[in-house]
Amino acid sequence: MRIKDIELGYISIPLVTPFKTALRTVDSVNDLIVRITGEDGTAGYGEAPPTAVITGDTKESIEVAIRGYIAPAIKGMDLDDLPAIMGKMEKSIAKNTSAKAAVDIALYDLYGKYKKQPLFRLLGEKDPAAVKAELETDLTISVNETEEMVRDSLRAVEEGFRILKVKVGKGGTKDVERICAIRKAVGKDVRIRVDANQGWTREEAVRTICSMEDAGAGIELVEQPVSYHDFKGMKYVTEKVDTPILADESVFSYEDALRIIEEHGADYLNIKLMKTGGIHEALRICDAAEEYGVKCMIGCMLESKVSVSAGAHLAAAKGCITMADLDGPSLCKTDPYLGGPEFDGPRIRMTESFGIGITQIPVAFQKI
């Protein structure tokens, strides 16, 4: 089946509360949606958030990349040769990983529908025993004053979340205070993941993490403590602390992942489709992780259900992905879509719907 049409649209969904990290504050999801239609009229959907502070992609750059480069390169190609399509897309334009991810996700969705199988089963064929029917996600606690973060954490626990991803990175001593206060409030049975979003220097990271350890905060891991390009700093922090370190912004590609693994620059890898350019490259990172026995997290930017569902399918299919940070739909006030995995608080239940499972998106599309 050949690719007939590629269309673009936009969706805006308000958040329950503002999303605050060491890098930015956001009030709503404002994402580009891609619809790719095959010769038989079947449609696949993808999504891309403009996350300039992390990927460098803006709303305008994503649209230009798809309209001017990716769509002309792949339109008319045969879906039966998915690797060839991905190769053509990769060569059509450098970087622009979010634009590529949106198209990649739509292609995989269409491919699953074409093959009449859920995507997670297609991706998990090599290791059927590793396929998961249900995932558990954490919930992000934005960085605010300590009292507000404690209230947000307690509310999350009341809603059934047993894993919290707490944003820090705006002051070492203050960060220790925040985490210790949350630990005291939620008790010892709730897992706490700390995400600094590149907010510390390497020395500050070691000092802050060690202080959390000494205080008995019981941290499961610390995510991206230093700048994305400071590979030596990541390795330095990993060697100096007992708490496992998760590489996020440092891992965009298979090559990045391999460097982190071989240099032991971190203990775990966070795979995000908007960084990798979609599922195709993410699968290569999974191959490396499986070869070296490294555990991975599947994460997301500030995304809605379309691309988060794609991440869920990948996580359900791959045994190396043992942690999920797929709380995008939980952060949104509404779910405007039909179909896809069932997001029920911390639980993500996979369905047998074909492809990613999204069947309807309430946006106005324009053909390219």
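Provided above is the structure to which this section pertains.
Our subject in this report is the structure included herewith. Please read these numbers as outputs of a predicted model, since none were measured by experiment.

1. So, the overall build of the protein chain
Line of reasoning, step 1. Across its full length, the protein chain carries 13 helices and 17 strands.
Line of reasoning, step 2. Each of the three principal axes of the protein chain carries a C-alpha extent, and together these read 60 × 40 × 40 Å.
Line of reasoning, step 3. Counting the 368 residues in the protein chain, one finds 59% classified as buried.
Line of reasoning, step 4. Pairs at least 24 apart in sequence give 73% of the contacts found in the protein chain among residues at least 6 apart.
Line of reasoning, step 5. For the protein chain, the computed accessible surface area is about 14400 Å², with 48% contributed by carbon and sulfur atoms.

2. Focus: the sheet that holds strand β14 (residues 342–344)
Line of reasoning, step 1. Pairing within the open sheet is antiparallel, and its 3 strands lie in the order β4-β15-β14. In this open sheet, the two strands that pair with only one neighbour each are β4 (134–136) and β14. Averaged over neighbouring strand pairs, the angle between their axes works out to 20° when direction is ignored.
Line of reasoning, step 2. In terms of strand pairing, β4 meets strand β15 (residues 347–349) through 3 bridges, oriented antiparallel. In the sheet register, Glu134 faces β15, and the bridge partner there is Arg349.

3. Focus on the nonpolar core
Line of reasoning, step 1. Formed by 123 residues in total, the largest nonpolar core has its most connected members in Ile74, Leu107 and Leu269.
Line of reasoning, step 2. Setting aside chain neighbours within four positions, we find Leu107 in contact with Ile3, Ile36, Ile74, Leu79, Leu82, Ile85 and Met86.

4. Digging into empty space enclosed by the protein
Line of reasoning, step 1. By the definition in use, this model includes 1 cavity of 30 Å³ or more.
Line of reasoning, step 2. Looking at the largest cavity, its volume works out to about 150 Å³.
Line of reasoning, step 3. Lining the largest cavity are 19 residues, and of these Phe19, Lys167, Lys272, Cys300 and Met301 lie nearest its centre.
Line of reasoning, step 4. For the lining of the largest cavity, the secondary structure elements donating two or more residues are β6 (163–167) and α13 (328–331).
Line of reasoning, step 5. Residues belonging to the lining of the largest cavity are distributed by class as follows: 7 nonpolar, 4 polar and 8 charged.

5. A closer look at the packing of aromatic side chains
Line of reasoning, step 1. As enumerated under the stated definition, the model contains 1 aromatic pair in all.
Line of reasoning, step 2. Taking 6.3 Å as the distance between ring centres and 35° as the angle between the ring planes, the aromatic pair formed by Tyr45 and Phe365 counts as tilted. A residue pair is termed long-range when its members are at least 10 positions apart, and Tyr45 in strand β3 (residues 43–48) and Phe365 in the loop between β16 (358–360) and β17 (366–367) qualify at 320 residues. Here Tyr45 and Phe365 have matching classes, each one buried.
Line of reasoning, step 3. The cationic tip of Lys59 hangs over the ring face of Tyr10; the distance from NZ or CZ to the ring centre is 4.6 Å.
Line of reasoning, step 4. The ring of Tyr254 has Arg284 lying over it, and the distance from NZ or CZ to the ring centre is 4.3 Å.

6. Side note on unusual backbone geometry
Line of reasoning, step 1. Even without being glycine, Lys95 reaches a positive phi, approximately 55°.
Line of reasoning, step 2. The residue Lys95 is located in the loop between α2 (82–92) and α3 (97–115) in this model.
Line of reasoning, step 3. Residue class for Lys95 comes out exposed when judged on its relative accessible area of 71%.
Line of reasoning, step 4. Residues other than glycine seldom take positive phi values, yet Asn96 does so here, at roughly 50°.
Line of reasoning, step 5. Secondary-structure assignment places Asn96 in the loop between α2 and α3.

7. So, the packing of helix α1 (residues 59–74) against α3
Line of reasoning, step 1. Contact pair α1 / α3: the axes reach a minimum separation of 9 Å and the direction vectors enclose 50°. The orientation of α1 relative to α3 falls into the category oblique. Judged by the sense of rotation from one axis to the other, the crossing of α1 with α3 is right-handed. On α3, the residues touching Ile62, Ala65, Ile66, Ile70 and Ile74 of α1 are Ser98, Ala99, Lys100, Val103 and Leu107.

8. Here we look at the pattern of salt bridges
Line of reasoning, step 1. For the coordinates displayed, the defined rule picks out 31 salt bridges.
Line of reasoning, step 2. Across the salt bridge formed by Glu220 and Arg191, the nearest N and O atoms sit 3.0 Å from each other. Of this pair, Glu220 sits in strand β8 (residues 219–223) while Arg191 is found in strand β7 (residues 191–195), placing the two residues 29 residues apart along the sequence.
Line of reasoning, step 3. Classification of Arg191 as partly exposed rests on a relative accessible area of 35%.

9. A look at the sheet that holds strand β1 (residues 3–20)
Line of reasoning, step 1. Judged by pairing direction, the sheet is antiparallel, and its 4 strands sit side by side in the order β3-β2-β1-β17 without closing on themselves. Pairing within the sheet leaves two strands with one partner each, and these edge strands are β3 and β17.
Line of reasoning, step 2. Of the pairings in the sheet, the one linking β1 to β17 comprises 2 bridges and is antiparallel in character. Bridge pairing links Glu7 to Lys367 in β17.

10. Considerations on the environment of Met77
Line of reasoning, step 1. Position of Met77 among the secondary structure elements: in the loop between α1 and α2.
Line of reasoning, step 2. Of the residues examined, Met77 reaches a relative accessible area of 19% and is grouped as buried.
Line of reasoning, step 3. Each C-alpha atom, one on Met77 and one on Lys88, is 9.6 Å from the other, the two residues being 11 residues apart in sequence.
Line of reasoning, step 4. Among residues more than four places away in sequence, those in contact with Met77 are Met1, Arg2, Ile3, Ala84, Ile85 and Lys88.

Rules used throughout
- Residues numbered from 1 in each chain as written.
- Predicted model: local features only at pLDDT ≥ 70, side-chain atom pairs only at ≥ 80, totals over all residues.
- Heavy atoms only, no water.
- Helix = DSSP H or I, 4+ residues; strand = E, 2+ residues; numbered from the N terminus.
- Buried < 20%, exposed > 50% of the residue type's maximum accessible area, 1.4 Å probe, protein only.
- Contact = heavy atoms within 4.5 Å.
- Areas by Shrake-Rupley, 256 points an atom, 1.4 Å probe, with all protein chains shown as cover.
- Pairing = 2+ DSSP bridges.
- Axes fitted to C-alpha atoms, helices over the stretch in contact; angles between N-to-C directions.
- Core = buried A, V, L, I, M, F, W, Y, C linked by side-chain atoms within 4.5 Å.
- 1 Å grid on protein atoms, 1.4 Å probe; cavity = no way out; pocket = protein on both sides within 12 Å on 5 of 7 lines; lining within 4 Å.
- Points joined across faces, edges and corners; volume = space filled by probe spheres on them.
- Nonpolar A, V, L, I, M, F, W, Y, C, P; charged D, E, K, R; others polar.
- Phe/Tyr/Trp six-rings, centres within 6.5 Å; stacked < 30°, edge-to-face > 60°.
- Lys NZ or Arg CZ within 6 Å of the ring centre and 35° of its normal.
- Parallel < 35°, antiparallel > 145°, perpendicular 65-115°, else oblique.
- Left-handed = near helix turned anticlockwise from the far one by under 90°.
- Salt bridge = Lys/Arg side-chain N within 4 Å of Asp/Glu carboxyl O.

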